[in-house]
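# Fold and geometry: a report
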Amino acid sequence: MLHAKVRSETLKGIVDVVSTLVDEAKFNVAADRLTLKAVDPAHVAMVNLTVQKSAFEEYSADETELGIDLDKMKEVLRLSKAGDPIYLEQDEEHNRLVISVGNITRRMNLVDTTGMSDPKVPNLSLPAKIAVNSDELQKGIKAAESVSDHIALTASSDGFEMFSEGETDSVSLKLPKDLLVSLECKEKVRSLFPLDYFSNMVKAIPPGTVVTLSIGNDFPVKLEFTMADGKGTVDYLLAPRIESD
Amino acid sequence: MLHAKVRSETLKGIVDVVSTLVDEAKFNVAADRLTLKAVDPAHVAMVNLTVQKSAFEEYSADETELGIDLDKMKEVLRLSKAGDPIYLEQDEEHNRLVISVGNITRRMNLVDTTGMSDPKVPNLSLPAKIAVNSDELQKGIKAAESVSDHIALTASSDGFEMFSEGETDSVSLKLPKDLLVSLECKEKVRSLFPLDYFSNMVKAIPPGTVVTLSIGNDFPVKLEFTMADGKGTVDYLLAPRIESD
Amino acid sequence: MLHAKVRSETLKGIVDVVSTLVDEAKFNVAADRLTLKAVDPAHVAMVNLTVQKSAFEEYSADETELGIDLDKMKEVLRLSKAGDPIYLEQDEEHNRLVISVGNITRRMNLVDTTGMSDPKVPNLSLPAKIAVNSDELQKGIKAAESVSDHIALTASSDGFEMFSEGETDSVSLKLPKDLLVSLECKEKVRSLFPLDYFSNMVKAIPPGTVVTLSIGNDFPVKLEFTMADGKGTVDYLLAPRIESD
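Residues numbered from 1 in each chain as written. Chains lettered and ligands numbered in written order. Predicted model: local features only at pLDDT ≥ 70, side-chain atom pairs only at ≥ 80, totals over all residues.

## Considering the sheet that holds strand 2 (residues 24–29) of chain B
Paired through their backbone hydrogen bonds, the strands of a sheet run either parallel or antiparallel. Residue and element names in this part refer to chain B. One open sheet accounts for nine strands, arranged 6-2-3-4-18-17-16-10-14; its pairing is antiparallel. Whereas interior strands pair on both sides, the edge strands pair on one side only; in this sheet they are strand 6 (64–69) and strand 14 (182–184). Here the average twist between neighbouring strands, direction ignored, is 15°. Here three bridges tie strand 10 (residues 128–133) to strand 14, and the two strands are oriented antiparallel to one another. (Pairing = 2+ DSSP bridges. Helix = DSSP H or I, 4+ residues; strand = E, 2+ residues; numbered from the N terminus. Axes fitted to C-alpha atoms, helices over the stretch in contact; angles between N-to-C directions.)

## Concerning the interface of chain B and chain C
Between chain B and chain C, the contact holds 10 residues from the first and 12 residues from the second. Of all the elements in the fold, those that place two or more residues in the side of chain B that touches chain C are helix 2 (70–77) and strand 9 (104–109) of chain B. The leading source of residues in the side of chain B that touches chain C is strand 9 of chain B, at six residues. Split by residue class, the side of chain B that touches chain C holds three nonpolar, three polar and four charged. Across five bridges, strand 9 of chain B lies against strand 13 (residues 169–176) of chain C in antiparallel orientation. The residue bridging Arg107 of chain B from the neighbouring strand is Ser170 of chain C, located in strand 13 of chain C. (Contact = placed C-beta atoms within 7 Å. Nonpolar A, V, L, I, M, F, W, Y, C, P; charged D, E, K, R; others polar.)

## Notes on the pairing of strand 1 (residues 2–7) of chain A
Bridge analysis of strand 1 of chain A against strand 5 (residues 58–61) of chain A gives four bridges, and the strand direction is antiparallel. Along strand 5 of chain A, the bridge assignment pairs Ala4 of chain A with Tyr59 of chain A.

## Topic: helix 3 (residues 134–145) of chain C
Residue and element names in this part refer to chain C. Between its first and last C-alpha, helix 3 extends 16 Å over 12 residues, near the 16 Å set by a 1.5 Å rise per residue. Regarding helix 3, the residues found buried are Glu136, Leu137, Gly140, Ile141, Ala143 and Ala144. Seen from one end, helix 3 has its buried residues packed into an arc of 165°, which puts them on one side. (Expected span 1.5 Å × (residues − 1). Buried ≥ 20, exposed ≤ 12 C-beta atoms within 10 Å, placed from the backbone. Arc of directions from axis to C-beta.)

## Looking at helix 4 (residues 195–203) of chain A
Buried within helix 4 of chain A we find Tyr197, Phe198, Ser199, Met201 and Val202 of chain A. Buried residues along helix 4 of chain A sit against strand 4 (45–52), helix 3 (134–145), strand 11 (150–155), strand 15 (189–194), strand 17 (221–227) and strand 18 (232–238) of chain A.

## Quick word on the interface of chain B and chain A
Note: interface size is frequently given as the accessible area lost on complex formation between the parts. With 12 residues of chain B at the contact, the number on the chain A side is 10 residues. Only helix 3 (134–145) and strand 13 (169–176) of chain B provide two or more residues apiece to the side of chain B that touches chain A. Counting residues per element, the side of chain B that touches chain A draws most heavily on strand 13 of chain B, at seven residues.

## Notes on the domain arrangement of chain A
All names here are of chain A. With domains assigned, chain A is organised as domain 1 (2–109) and domain 2 (128–238). The interface is formed by 17 residues belonging to domain 1 together with 16 residues belonging to domain 2. Breaking the side of domain 1 that touches domain 2 down by element, the ones donating at least two residues are helix 1 (8–19) and strand 4. At eight residues, the largest contribution of residues to the side of domain 1 that touches domain 2 is made by strand 4. Grouping the constituent residues of the side of domain 1 that touches domain 2 by class yields nine nonpolar, seven polar and one charged. (Domains from an automatic or database assignment.)

## Digging into the relation of the copies chain B and chain A
The two copies are related by a screw operation: chain B maps onto chain A through 120° of rotation and 0.1 Å of translation along the axis, at an RMSD of 0.1 Å. Here the transformation between the copies is reduced to the relation of a three-fold axis. (Least-squares fit on C-alpha atoms with pLDDT ≥ 70 in both.)

## What about the packing of helix 3 of chain B against helix 4 (residues 195–203) of chain B?
Residue and element names in this part refer to chain B. Across the interface, helix 3 lies against helix 4 with an axial gap of 10 Å and an inter-helix angle of 150°. As for the relative orientation of helix 3 and helix 4, their crossing is left-handed in sense. Where helix 3 abuts helix 4, its residues Ser134, Leu137, Gln138, Ile141, Ala144 and Glu145 lie against Leu195, Phe198, Ser199 and Val202. Considering only residue class, the contact of helix 3 with helix 4 consists of six nonpolar, three polar and one charged. (Left-handed = near helix turned anticlockwise from the far one by under 90°.)

## So, unusual backbone geometry
Positive phi is not limited to glycine here, since His43 of chain A has a value of about 55°. Relative to the helices and strands, His43 of chain A resides in the loop between strand 3 (33–39) and strand 4. The phi torsion at Ala228 of chain C lies on the positive side, around 50°, for a residue other than glycine. Mapped onto the fold, Ala228 of chain C is located in the loop between strand 17 (221–227) and strand 18 (232–238).

## Quick word on the pairing of strand 12 (residues 159–165) of chain B
All names here are of chain B. Examined bridge by bridge, strand 11 (residues 150–155) and strand 12 share four bridges and lie antiparallel to one another. If you follow Thr154 over to strand 12, its bridge partner there is Glu161. Hairpin connection between strand 11 and strand 12: a loop of three residues separates the two successive antiparallel strands. Count of turn residues in the strand 12/strand 13 antiparallel hairpin: three residues.

Below, the structure is given as structure tokens:
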């Protein structure tokens with residue numbers, strides 16, 4: 001069972017963060033929070049989301065699973081503007097989710113969640129930790145896009161660098177320590193990533209959000225940030241591309 | 001003969017309302033007003049337009065017919081901004097319309113109107129009448145678009161509803177009596193319409209306009225509204241789609 | 001050798017003016033200025049650009065040639081906003097140009113300039129000279145675009161006219177003497193030009209710039225204007241299309 005009232009921008013934040021990796025997703029509903037774990041179809045990236053009950057204006061729920069077509073959710077969100085309240089109501093009899101925005105009511109068939117097993121979140125030990133404004137990441141991605149399909153993330157005790165190299169050109173964004181929110185790094189580490197995945201993840205983060213990146217040597221990158229005034233937390237994991245020398 | 005001076009936004013309103021159904025149209029010019037009746041190529045929808053002489057800043061005319069390519073008219077309108085005066089002058093010798101906007105003069109061949117006979121406006125008795133802000137109709141259409149190609153319009157003594165049903169989802173916009181400008185309806189009536197036509201008609205109506213819809217049971221819908229500060233009136237008629245049960 | 005610091009909008013102005021005719025270009029770098037002459041691949045139009053050292057915030061150079069891929073330059077400019085300083089540094093050892101915008105550094109292979117010979121600027125005697133705001137030219141081009149692929153430029157002692165004629169329609173923009181910045185014309189002259197070239201050239205001129213057009217009878221048109229607060233000068237030449245009567 002789920003009954004919830006949520007501000008349009010909160011729901012949009014949740015949907016954006018997940019839909020960058022998957023089209024359909026299983027939300028695990030609990031009495032005190034909503035969680036989701038999903039891996040993209042190519043098994044390159046993972047999202048791990050937790051939204052507390054307090055992120056909602058109203059929330060009452062029994063333990064259940066909701067399979068949701070995220071494109072349909074986006075269609076409904078387009079009918080609202082920031083600040084509008086959205087009502088979510090599970091219709092267990094018809095296996096539907098009933099969504100109301102103003103005078104509009106959409107009844108949406110739920111997606112079958114059999115076979116949507118929760119991926120296991122790997123336990124990684126990533127030696128470097130960089131907290132940075134997401135706008136800086138956006139800049140580095142924009143610069144890299146015209147040069148290569150890959151992006152290397154490097155951390156040292158001096159700062160953080162995003163670097164891309166194409167056949168004729170290279171581009172780098174260097175963020176010295178004083179342009180970062182915080183930096184924990186003893187030894188220099190570097191990993192290479194597919195630019196499209198990294199770009200899509202960063203685009204799903206609201207502008208101006210502080211993101212904590214954890215990186216290692218040829219290890220996945222972890223991006224952590226909060227949303228809904230700290231009442232929601234998101235972890236992204238992205239697998240590295242191994243460099244051939 | 002026609003000589004007229006008209007504000008850009010007035011002419012744009014006239015062109016938009018007609019061009020949603022036809023590419024070329026025959027305007028009937030009279031000494032005191034301009035009228036037009038046109039049916040779309042698929043014979044599903046009709047527009048019936050009357051613009052009084054007083055909607056123009058200057059207007060002097062003898063009875064005549066002007067066949068106009070509406071796309072060309074839009075090109076000229078794109079050269080002006082709201083408030084700009086536009087001059088229209090019939091050049092009978094060369095069978096042209098001469099349009100001036102600022103220092104630009106466009107000479108436009110008129111379209112042959114032989115064979116463009118005026119359609120007969122059917123005399124319909126539609127039991128329910130709903131006056132509503134066009135913005136509400138827009139909302140209902142936007143919600144319906146992701147669900148189905150059809151839209152059902154329903155009126156009862158309680159209010160007005162726009163409803164669409166697809167294979168897996170349905171969506172409805174319910175407007176209770178107090179959200180309508182006025183409502184005349186004794187018995188519940190319902191008709192189904194092709195969404196694309198209904199959407200195009202409503203899009204041609206300036207935002208914030210009060211529209212009067214007349215509906216019945218499996219009958220055409222009539223949309224009436226005024227433009228040019230009440231000096232122009234438009235009737236749209238749209239044929240119903242008969243539901244197969 | 002080249003080391004320069006330049007405001008983003010100044011560099012953008014230079015790139016826009018040249019890239020409308022060619023994708024790659026050879027900049028002739030001298031101690032006191034930068035010059036460029038280029039002809040488009042179809043040999044219909046020519047650009048002749050001079051930018052003084054004083055247009056740059058910093059500039060030190062030895063005589064050299066830089067072959068530049070203008071699309072790459074545009075990519076870098078898109079990473080900056082008006083007012084941002086951009087640093088250009090020739091890396092002679094690797095035959096690269098190193099461009100820095102904020103914390104971003106792009107290393108760009110230079111293009112081979114062998115075979116990029118400087119075109120000879122023809123010495124033309126054009127009897128009529130019209131100085132006009134580029135916004136007026138934009139208006140005339142926009143009006144002409146829906147009617148024809150050509151545009152005729154006419155000057156007389158009364159004023160300047162842009163005229164286009166299609167199969168069914170014609171359009172003209174007439175600028176009497178008092179709407180021009182200046183006019184020198186004794187006898188009426190007229191030449192016809194390909195609209196796409198003329199349009200692309202005028203689009204590369206910053207809005208609100210005074211342009212001096214020199215025209216004759218079936219002769220090329222010359223467009224002269226300054227940029228970078230008068231520290232850069234641009235001449236465009238466009239070959240006429242000879243009219244078949």
